[in-house]
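The lines below spell out each chain.
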Amino acid sequence: MMQLFLDSTRDRSMSDQLYDQLAEAIASGRLVPGTRLMPTRAVAADLGVSRSTVTGAYMRLVAEGYVEGRRGGGSIVLDTRAGDDPHWTSTALRATPLAAAIGRYESGLSSARYDLTAGRVDHRLFPLAEWKRSMNRALTSLADRLGRYGDPAGDGEVRAALAHWVARSRAVAARPEQIVITRGAAHAIDLVARTLLSPGDVAAVEEPGYPPVIALLRLAGADVVGVPVDRNGIVVDAIPENARLVYVTPSHQYPLGAVLSRERRHALLRWARRRDAGIIEDDYDSEFRYSSRPLEPLQRLDGDGRVVYVGTFSKVLSPALRLGFAVLPIGLVPAVTAVRRAVDFVPPAATAAAMGSFIESGALDRHLRRARREYATRYRMLRAALSEAPIGLLTALPSDAGLHITAMTPDAPSDEILMERALERGLQLSLLHRTYQFSEPQPGVVLGFGAIAGDDIPPAIHRLVECLRG
Ligand SMILES: Cc1ncc(COP(=O)(O)O)c(C=O)c1O
């Protein structure tokens with residue numbers, strides 16, 4: 001193990017100093033991929049610091065993708081190098097404070113025995129043969145267009161297929177001309193934010209909420225304000241009067257799971273009309289719905305064209321495809337497509353055309369029937385396992401859609417200790433605290449069931465309870 005130096009007279013905490021040195025050693029290649037970090041106990045004894053100081057640093061390295069926890073304990077260095085250039089770590093350049101402040105949100109690859117990370121889908125469900133056929137058809141149909149960029153909003157036929165699909169699956173009222181095909185939901189939100197916000201404008205987001213959107217709003221120059229959510233979704237009365245844009249997840253609040261009530265939907269639209277503000281409706285996971293009927297999307301209730309509806313194929317099929325779309329008020333289409341042209345010209349034509357063909361051929365419906373059955377089974381198993389957990393230790397919040405259930409853990413040990421115990425038990429978790437950016441984080445876990453096999457859910461929750469008990 002490399003030599004570590006801690007200086008108790010510095011402003012930076014011991015845990016942060018440890019993290020800095022290990023992250024730098026990994027990034028520079030001094031700690032090569034595959035290296036096993038020394039156990040936290042040994043490092044703590046070596047340096048004369050508490051074990052939680054070391055686990056804090058290790059936990060951050062795991063969260064930021066430098067290291068992964070292995071079954072049976074042990075933290076292994078991952079390959080984070082950017083390329084083959086030996087000089088890649090040295091630079092005279094500095095990222096802006098805004099760019100440097102963006103934390104890594106993805107928790108890297110997991111080889112943990114029980115992966116309860118949020119934001120994953122099951123790659124075993126991916127309909128590879130059907131997708132290959134769609135991709136083949138797409139490339140053949142595109143052959144004579146491969147020499148040019150194409151339409152910045154996306155191919156007309158694909159937009160028509162998407163318009164039918166959202167009308168059918170989500171009751172979104174969309175004409176093909178209102179659709180802009182994007183590289184996922186985040187990209188759609190980015191384009192809309194760049195179009196609607198000037199530097200210094202106030203943008204409101206849900207708190208707790210989805211951190212990547214906060215990062216991109218800040219990069220667009222917005223002053224981002226967190227608005228609390230309760231069991232009916234965003235608290236409309238708490239939205240700042242001067243907000244220009246409000247980002248919400250009405251079908252299934254991320255991460256707490258609430259559905260924005262009918263009354264709140266109308267109140268939010270009234271608020272936006274009064275303040276002349278825009279609304280982004282991120283409908284990222286409601287293809288998977290387990291009990292109640294969905295409420296009408298804001299986009300459909302909107303009478304004066306101030307709602308942008310955003311959809312993605314990240315949950316439906318795969319986050320690796322990078323495919324999503326925005327349904328825009330028709331008057332906003334020219335401005336958003338102009339911004340789009342400046343940012344990345346056009347959508348990836350082959351992937352978009354493959355999706356069009358995948359929808360039209362009925363393959364998406366077939367895939368969804370199968371995926372819904374599988375995820376519904378896992379959802380029920382997770383609910384059942386959580387209902388058997390000791391009361392007060394692990395309390396599941398209501399949630400009847402998507403691929404995660406959030407549970408509160410009021411008596412949990414510190415995040416560092418919880419992650420350490422989870423690592424020891426081969427469990428990979430997403431902690432709720434990362435979704436709080438503006439207020440005191442509540443202790444909890446966002447339990448994703450996209451990646452874990454159904455049979456693994458009861459033992460995983462059993463292990464989680466052990467971690468919480470100590
Ligand atoms: C709230 C929310 N929005 C959007 C997404 C998906 O984003 P993208 O389409 O950019 O992959 C996720 C993924 O986990 C999410 O949690």
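Since we're looking at a predicted model, the values are computed, not measured.

Reading the values: the criteria
Residues numbered from 1 in each chain as written. Predicted model: local features only at pLDDT ≥ 70, side-chain atom pairs only at ≥ 80, totals over all residues. Heavy atoms only, no water. Near = heavy atom within 4 Å. Polar contact = N/O pair within 3.5 Å; in protein donor to acceptor, adjacent residues only side chain to side chain. Areas by Shrake-Rupley, 256 points an atom, 1.4 Å probe, with all protein chains shown as cover. Nonpolar A, V, L, I, M, F, W, Y, C, P; charged D, E, K, R; others polar. Helix = DSSP H or I, 4+ residues; strand = E, 2+ residues; numbered from the N terminus. Expected span 1.5 Å × (residues − 1). Buried < 20%, exposed > 50% of the residue type's maximum accessible area, 1.4 Å probe, protein only. Contact = heavy atoms within 4.5 Å. Domains from an automatic or database assignment. Axes fitted to C-alpha atoms, helices over the stretch in contact; angles between N-to-C directions. Parallel < 35°, antiparallel > 145°, perpendicular 65-115°, else oblique. Arc of directions from axis to C-beta. Core = buried A, V, L, I, M, F, W, Y, C linked by side-chain atoms within 4.5 Å. Pairing = 2+ DSSP bridges.

Draft legend 1. Here's a closer look at the site of the ligand. The environment of the ligand is made up of 13 residues, and the closest members are Ala185, Asp282, Thr312, Ser314 and Arg322. Between the ligand and the protein, one listed contact pairs an oxygen atom with a backbone N or O atom of alanine 185 at 2.6 Å. Note that an oxygen atom of the ligand is positioned 2.6 Å from one of the side-chain N or O atoms of threonine 312. In isolation the ligand exposes 400 Å². Once the protein is present, 92% of that is buried. Split into classes, the residues belonging to the shell around the ligand amount to six nonpolar, four polar and three charged.

Draft legend 2. Broad picture of helix 12 (residues 349-360). Here helix 12 is twelve residues long and its end C-alpha atoms lie 16 Å apart, about the 16 Å a rise of 1.5 Å per residue gives. Helix 12 sits mainly inside the fold: nine of its twelve residues count as buried. Of all the residues in helix 12, the buried ones are Thr351, Ala352, Ala353, Ala354, Met355, Gly356, Ser357, Phe358 and Ile359. On its buried face, helix 12 sits against helix 5 (128-142), helix 6 (156-170), strand 4 (179-182) and helix 13 (363-387).

Draft legend 3. Spotlight on the domain arrangement of the protein chain. Domain parsing of the protein chain yields domain 1 (14-83), domain 2 (128-364) and domain 3 (365-469). A separation of 37 Å is found between the C-alpha centroids of domain 1 and domain 2.

Draft legend 4. Examining the packing of helix 3 (residues 51-63) against helix 14 (residues 415-424) more closely. Their axes nearest at 8 Å, the elements helix 3 and helix 14 cross at an angle of 70°. Overall, the two elements helix 3 and helix 14 adopt an arrangement that is roughly perpendicular. Between helix 3, through Arg51, Ser52, Thr55, Gly56 and Met59, and helix 14, the contact on the second element is made entirely by Asp415, Glu416, Met419, Glu420 and Glu424. Here the residues of the contact of helix 3 with helix 14 sort into two nonpolar, three polar and five charged.

Draft legend 5. Structural context of helix 15 (residues 457-469). Taking 1.5 Å of rise per residue, 13 residues should cover 18 Å, and helix 15 covers 18 Å from first to last C-alpha, within 8% of that figure. Residues of helix 15 that are buried include every one of Ile457, Ala460, Ile461, Leu464, Val465, Cys467 and Leu468, and no others. Axial view of helix 15: buried residues confined to an arc of 160°, hence all on one face. Downstream of helix 15 by a residue or two, glycine 470 has a phi angle that is positive, lying close to 90°.

Draft legend 6. Fine view of the nonpolar core. Residues Phe313, Leu394, Leu447, Phe449 and Ile461 are the most contacted members of the largest nonpolar core, which totals 67 residues. Per-element tally for this core: the top contributor is helix 13, with ten residues. Each of domain 2 (128-364) and domain 3 (365-469) gives at least three residues to this core.

Draft legend 7. Fine view of the sheet that holds strand 12 (residues 395-396). As summarised here, the arrangement of the four strands in space is 12-13-16-15, forming an open sheet in which the pairing is antiparallel. The open sheet is flanked by strand 12 and strand 15 (430-431), the only strands paired with a single partner. As defined by bridge partners, strand 13 (residues 404-408) adjoins strand 16 (residues 444-448) across five bridges and the pair is classed as antiparallel. By the bridge assignment, histidine 404 is partnered in strand 16 with glycine 448. Across the sheet, helix 13 touches strand 12, strand 13 and strand 16, and the angle it forms with strand 13 is around 10°.

Draft legend 8. The environment of isoleucine 214, seen in detail. Note on placement: isoleucine 214 falls in helix 8 (residues 211-219). By relative accessible area, isoleucine 214 is classed as buried at 2%. Separated by ten residues in the primary sequence, isoleucine 214 and valine 224 have C-alpha atoms spaced 6.9 Å apart. In this view, isoleucine 214 contacts Val205, Val224, Gln437 and Phe438; residues no more than four positions away in its chain are not counted.

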